[in-house]
Amino acid sequence: MLHVTLVALALGFVAPFLRAWIWGAPLALFSTAMILRAFLGEALVACFAGGMLLLALPSPLAAAVGGGVTLVLAALSARRHRHLRGLTLIAYRLGQTDARDEARTALLAKLTKLRRSVPPKEHAEYALFAALPLSAVELWADARAVLETVKLDALAPDARARALQAIATLRLQAGDLEGATEAFAAIPRPAEPAVERWVAVGEALLLAVQGAADEALARCPEENDADGALAATYDVVRAHAHASRGEDDEARRALLRVKHVAGDPGLRRAIGPIGPASDLARELLGG
């Protein structure tokens, strides 16, 4: 039994490193709980397998065979949805300030590697998945760079529409109004409802920052949507439109609603792209 125990402990020690390697995620981004689960899980499997084999084999051989079986099973288990699991772990750590820089570096490196190693359609799906957490922590330039590498022709129509809507939104955020207009125009209309709603508010925002206040306000719903992010974006549209017409009090009220719903990140979305209400948003952010 001593040989079985030693092999089980060795495999438990190796398990987190094996999982990190197969997932393509730095071990440093694994939580202590994840490392312990990997260690205990493989150690217990190896103990059980080796213990059963002791009934028929000498201890050293039982330990070797049980360890080999455990290692194969661990590798097969880790390979299931390995890229998505690795991206999910890294994306989760993006939301934690102390790990954000390392997670950002790891995420961009993994996506670059995937672009070379998986089919374009699969890479596009991973890029779309990763763009959301990057945007959530205001790494908009990174999110845009990731999506600009997507081969749109490889996507199904609905996925292509989602990708174009995200690209258009990020170009708009960066102040690339011409690029955003091109991306919006390339989306087949009508798109699926979830995409259509965001295309509509994106086009309204384009109008508002370019001074077409009346048309932008005409595209805003009378009552805000239950979706907080969408509602805040429409209030950004209203703020730019009212500021364009010299109605600073109305613009300020709209920005205060943005701050109430989306906090300071929402106000920063009113600064870029630069528009009539950008200075008011900076003022509410304290300069």
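Now for a look at the structure at hand. The structure presented is a predicted model; accordingly, all values stated were derived computationally and were not measured.

### Re the packing of aromatic side chains
Under the counting rule described, the total for this entry stands at two aromatic pairs. Look at Phe13 and Phe17: their rings are 5.5 Å apart centre to centre, the planes differ by 45 degrees, and that puts the pair in the tilted class. Note that Phe13 and Phe17 are positioned in helix H1 (residues 2–23) at a spacing of four residues, about one turn of the helix. Seen from their ring centres, Trp23 and Phe30 are 5.6 Å apart, and the 25 degrees between their planes marks the pair as stacked.

### Examining helix H7 (residues 140–148)
Along H7, the residues classified as buried are Trp140, Asp142, Ala143, Val146 and Leu147. The buried residues of H7 occupy an angular sector of 160 degrees when the element is viewed end-on, so they sit on one face. Elements in contact with the buried residues of H7: helix H5 (100–117), helix H6 (120–136), helix H8 (157–173) and helix H13 (248–271).

### A look at a positive patch on the surface
Together, Lys113, Arg115, Arg116 and Lys151 give the surface a local cluster of positive charge. Within the fold, Lys113 resides in helix H5.

### With respect to the side chain of Lys110
Along the chain, Lys110 falls in helix H5. Although Lys110 lies buried, it forms no salt bridge, and the closest oppositely charged side chain, Glu122, sits 9.1 Å away as judged by the N-O distance. In this structure, Lys110 is in contact with Trp23, Gly24, His83, Gly86, Leu87 and Ile90, ignoring residues within four places of it in sequence.

### Remarks on the environment of Glu203
Its location among the elements puts Glu203 in helix H10 (residues 193–209). Linking Glu203 and Thr181, residues 22 residues apart in sequence, is a C-alpha distance of 7.9 Å. Ignoring anything within four residues of it in the chain, the contact list for Glu203 reads Phe184, Arg189 and Arg219.

### Concerning unusual backbone geometry
Cis geometry is found at the peptide bond from Gly272 to Pro273, where omega equals 5 degrees. Among the secondary structure elements, Pro273 is positioned in the loop between H13 and helix H14 (278–284). The phi angle at His81 is positive, at roughly 55 degrees, despite the residue not being glycine. Assignment of secondary structure puts His81 in the loop between helix H3 (59–79) and helix H4 (82–94).

### Some words on the side chain of Arg238
In this structure, Arg238 sits in helix H12 (residues 228–244). Overall, Arg238 belongs to the buried group, its relative accessible area being 11%. A distance of 2.7 Å separates the side chain of Arg238 from the backbone oxygen of Pro221, its partner in a polar contact.

### What to know about the pattern of salt bridges
Considering all chains together, one arrives at 17 salt bridges under this definition. A salt bridge links Arg219 to Glu215; its shortest N-O distance comes to 3.2 Å. Between Arg245 and Glu247 there is a salt bridge, with its nearest N and O atoms 3.5 Å apart. For Glu247, a relative accessible area of 28% gives the class partly exposed.

### Quick look at the environment of Thr181
Tracing the backbone through its elements, the reader meets Thr181 in helix H9 (residues 177–185). Among the residues examined, Thr181 registers a relative accessible area of 40% and is labelled partly exposed. Spatially, the C-alpha atoms of Thr181 and Leu6 are 63 Å apart, while their sequence positions differ by 175 residues.

Definitions and cut-offs
- Residues numbered from 1 in each chain as written.
- Predicted model: local features only at pLDDT ≥ 70, side-chain atom pairs only at ≥ 80, totals over all residues.
- Heavy atoms only, no water.
- Phe/Tyr/Trp six-rings, centres within 6.5 Å; stacked < 30°, edge-to-face > 60°.
- Helix = DSSP H or I, 4+ residues; strand = E, 2+ residues; numbered from the N terminus.
- Buried < 20%, exposed > 50% of the residue type's maximum accessible area, 1.4 Å probe, protein only.
- Arc of directions from axis to C-beta.
- Contact = heavy atoms within 4.5 Å.
- Patch = residues over 30% accessible without salt bridge, like charges linked within 9 Å, V, L, I, M, F, W, Y side chains within 5 Å.
- Areas by Shrake-Rupley, 256 points an atom, 1.4 Å probe, with all protein chains shown as cover.
- Salt bridge = Lys/Arg side-chain N within 4 Å of Asp/Glu carboxyl O.
- Lys, Arg positive; Asp, Glu negative; His and termini not counted.
- Charge placed at Lys NZ, Arg CZ, Asp CG, Glu CD.
- Polar contact = N/O pair within 3.5 Å; in protein donor to acceptor, adjacent residues only side chain to side chain.

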